[in-house]
Amino acid sequence: MPHEPQTMDVSAPHLYTFCPEGATAKLVCALRGVKLHAEDQLKRRWLFTPHSQQRCREFVGPRNNHPSHRGNQPETSDGAQEQDFWITLENVTIGDQGRYCCVVLEHQKDKRISGMHHGGPTAK
């Protein structure tokens, strides 16, 4: 598949998020730009690694759940509004410390991925 030009960018307004144990943390990412093709679908995902200096792993979401199993994660919720999307972690523990990556997958009509865009904060 030939390389498609990037037309979107994902970023986090804060590089680090600090909160005490037991608190609720809301991590936000911003999606800017336009879809490559008007009929493309966007899939938003959150990934996680407990190691703040490593890249997030593809199949590990917050609280060690698979990122596509949204809604099955204990004490988490996610949402999107216009170009921002977020995940909320309730009752934060030391196990939530690490790097969170927000990812947007752009699926073309025939289900091929035309682009993957990364960004995200680190929770301490």
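Just above sits the structure.
Because the structure is a prediction, the values reported are computed rather than measured.

### So, the overall build of the chain
Phase 1: Along the chain, the regular secondary structure elements total zero helices and nine strands.
Phase 2: A total of 124 residues make up the chain; the buried ones form 38% of that total.
Phase 3: In the chain, once contacts between residues fewer than 6 apart in sequence are set aside, the share between residues at least 24 apart is 61%.
Phase 4: For the chain, the exposed area adds up to about 7600 Å²; of that, 50% sits on carbon and sulfur atoms.

### Observations regarding the state of the cysteines
Phase 1: Following the criterion strictly, the structure yields two disulfides and no others.
Phase 2: Each disulfide pairs two cysteine sulfurs, and for Cys29 the partner residue is Cys102, the sulfurs being separated by 1.8 Å. The disulfide joining Cys29 to Cys102 has a torsion of about -75 degrees about its S-S bond and is therefore left-handed. One end of the pair, Cys29, is in strand E3 (residues 25–33); the other, Cys102, is in strand E7 (residues 98–107), and 73 residues separate them in sequence.
Phase 3: Bridging Cys56 to Cys101, the disulfide has an S-S length of 2.1 Å. Handedness of the Cys56-Cys101 disulfide follows from its S-S torsion of about 85 degrees: it is right-handed. Of this pair, Cys56 sits in the loop between strand E4 (41–49) and strand E5 (76–81) while Cys101 sits in strand E7; the two residues are 45 residues apart in sequence, bridging distant segments of the chain.

Conventions and cut-offs
- Residues numbered from 1 in each chain as written.
- Predicted model: local features only at pLDDT ≥ 70, side-chain atom pairs only at ≥ 80, totals over all residues.
- Heavy atoms only, no water.
- Helix = DSSP H or I, 4+ residues; strand = E, 2+ residues; numbered from the N terminus.
- Buried < 20%, exposed > 50% of the residue type's maximum accessible area, 1.4 Å probe, protein only.
- Contact = heavy atoms within 4.5 Å.
- Areas by Shrake-Rupley, 256 points an atom, 1.4 Å probe, with all protein chains shown as cover.
- Disulfide = S-S within 2.5 Å.

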